[in-house]
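Descriptive structure summary
The chain contents come next:
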Amino acid sequence: MQGRVLSVASECVPFIKTGGLADVVGALPAAMAAQGWDMRVLLPAYRPLRKYLADMEPVWTEADLFGGAATVYFGLQDGVSLMLLDAPHLFDREGGPYSGPYGDFWDNPQRFAALSWMAARLAQEGVGGWRPDVVHAHDWQAGLAPAYLRYAGVPGVKSVMTVHNIAFQGWANADLLHTLRLPVSEFHPGGFEYYGNLSSLKAGLVTADWITTVSPTYARELMRPAFGMGLQGVIAARAAQVSGILNGVDTDVWSPEHEEIAFGPGKMAGKAKAREALCQEFGLTVPGPLAIVVSRLTDQKGIDLLPEVIPAFAAAGGGLIVLGSGDHALEGAVQALAYAHPGRVAVKIGYSEPLSHRMFSGADAVLVPSRFEPCGLTQMYGLRYGTLPVVASTGGLADTVIHASPAALAAGVATGISFHPTDALAFGQALAQLIGLYADQKLWAITQKNAMKHPVGWETSAAAYAALYQRLIG
């Protein structure tokens, strides 16, 4: 065994998920085990997770954890070495991880400070003979874990802070300084002070031994005002301790060979059948490329560009199926597209995992016009299924898709289409290129197979994390 890692997060598949963070945290333990690392995941025991406690062992008790007693339980659940922080006064609530029926929980700063505090305590003391060599904190919810470690002067434990999305920074009022058990001496611009208040993400960024982001391009972008969202100077100041490591996808779950209509790089007839079934399911007749969007419907994801580019795409023979939910105005905008283009555009508001699998199986292309995208998993699913990604050239999208430029097509290495800047003109040009590429079926087939051969699993990324952990602990 190379070493021990305590992974601290607010979400983890298959237990609790609101976004891609959960997929990453859930996939890392098995990926790191293959590299010889023992990783445990510390999660809050939200109400839906309390059912697991009966089969787990209590390993730690805390008399006063930000307003009430708490117990940490440990056990192997669904293949994950799981530690659940049971603090009913903080986590046993109706709703999701961050909000309830009436909006965000008012005490989120205390709730996730408690998670971070417990991570630092477990790292400091160890439990049952197990003590981590590295605490790996994910996003703002775990941002205070490296800070509590640093302020307590815990020897022999290193920390890694991973930024999955810098748009969420864990802001809290300055008057919570003492409540959150933070030292007044660190309330300054070089510490966790942020425009007169507190930021748990900034606390992690300035105290962690190393900072990672979920793609190399995003790591560079975060040092620029357009992407750093106020924290670009903090990250730039620590550039020597910043690296980007791409996420991967679970290739057992996302496997065209195991879909109901199976296919693979050497047997593509199944994809044609899946396309026919998908068009029939949505009542579409599409002579050109059938594209999909599987996404939160927000401006960040570039969904507002669809009404500007899809009419011309549909007129040229293309089709579109949208699956997602989000901003009500954007939901209405994509529904209006379906109304205006019957037989070419269809929309399903909401999310369905089985449907998303059928869509990736049957579609020809997946559209990801994000204005910023730290890593992105959607384009990787597209690569895996030979559903060519059409992506904005930003973050992890730029790192995972080889644009079908004349040189890349001539060399036989293209895997999709990318465009820049993220505006309707460039996006429309990319869709026009997609129409042209689809018309050349020989070139299309080569590009599809290139995409399906592109590595999107966790092997390379896990090896990079293993090398980082080893370097930190010497």
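Just above, that's the structure.
Residues numbered from 1 in each chain as written. Predicted model: local features only at pLDDT ≥ 70, side-chain atom pairs only at ≥ 80, totals over all residues. Heavy atoms only, no water.

**Section: the nonpolar core**
- Within the largest apolar cluster, 78 residues are counted, with the highest numbers of intra-cluster contacts made by Leu6, Leu42, Leu84, Leu85, Leu122, Leu180 and Leu205.
- Sort the elements by how many residues they give to this core and helix H3 (residues 108-125) lands first, with nine residues.
- For Leu122, the residues in contact, after removing those within four places along its chain, are Leu6, Leu42, Trp60, Val72, Met83, Val127 and Pro132.
- One finds Val214, Ala291, Ala338 and Val366 within the second-largest nonpolar core, a separate group that totals 68 residues. (Core = buried A, V, L, I, M, F, W, Y, C linked by side-chain atoms within 4.5 Å. Buried < 20%, exposed > 50% of the residue type's maximum accessible area, 1.4 Å probe, protein only. Helix = DSSP H or I, 4+ residues; strand = E, 2+ residues; numbered from the N terminus. Contact = heavy atoms within 4.5 Å.)

**Observations concerning helix H18 (residues 459-473)**
- With 15 residues, H18 extends 21 Å between its outermost C-alpha atoms, agreeing within 8% with the 21 Å of an ideal straight helix rising 1.5 Å per residue.
- Of all the residues in H18, the buried ones are Ser461, Ala462, Tyr465, Ala466, Leu468, Tyr469 and Leu472. The arc that holds every buried residue of H18, seen down its axis, measures 160°, which confines them to one face. Relative to its buried face, H18 has exposed residues pointing more than 90 degrees away, namely Glu459, Thr460 and Arg471.
- Where H18 is buried, its residues contact strand S1 (3-8), helix H1 (20-33), strand S2 (37-44), strand S8 (134-138), strand S9 (158-163) and strand S13 (210-213).
- Looking one or two residues beyond H18, the residue adopting positive phi is Gly474, at roughly 75°. (Expected span 1.5 Å × (residues − 1). Arc of directions from axis to C-beta.)

**Structural notes on empty space enclosed by the protein**
- This structure, assessed with the given rule, holds one cavity of 30 Å³ or more.
- By volume, the largest cavity amounts to about 40 Å³.
- The wall of the largest cavity is formed by Ile16, Tyr46, Arg47, Pro48, Phe91, Arg93, Gly95, Gly96, Pro97, Phe105 and Arg111. (1 Å grid on protein atoms, 1.4 Å probe; cavity = no way out; pocket = protein on both sides within 12 Å on 5 of 7 lines; lining within 4 Å. Points joined across faces, edges and corners; volume = space filled by probe spheres on them.)

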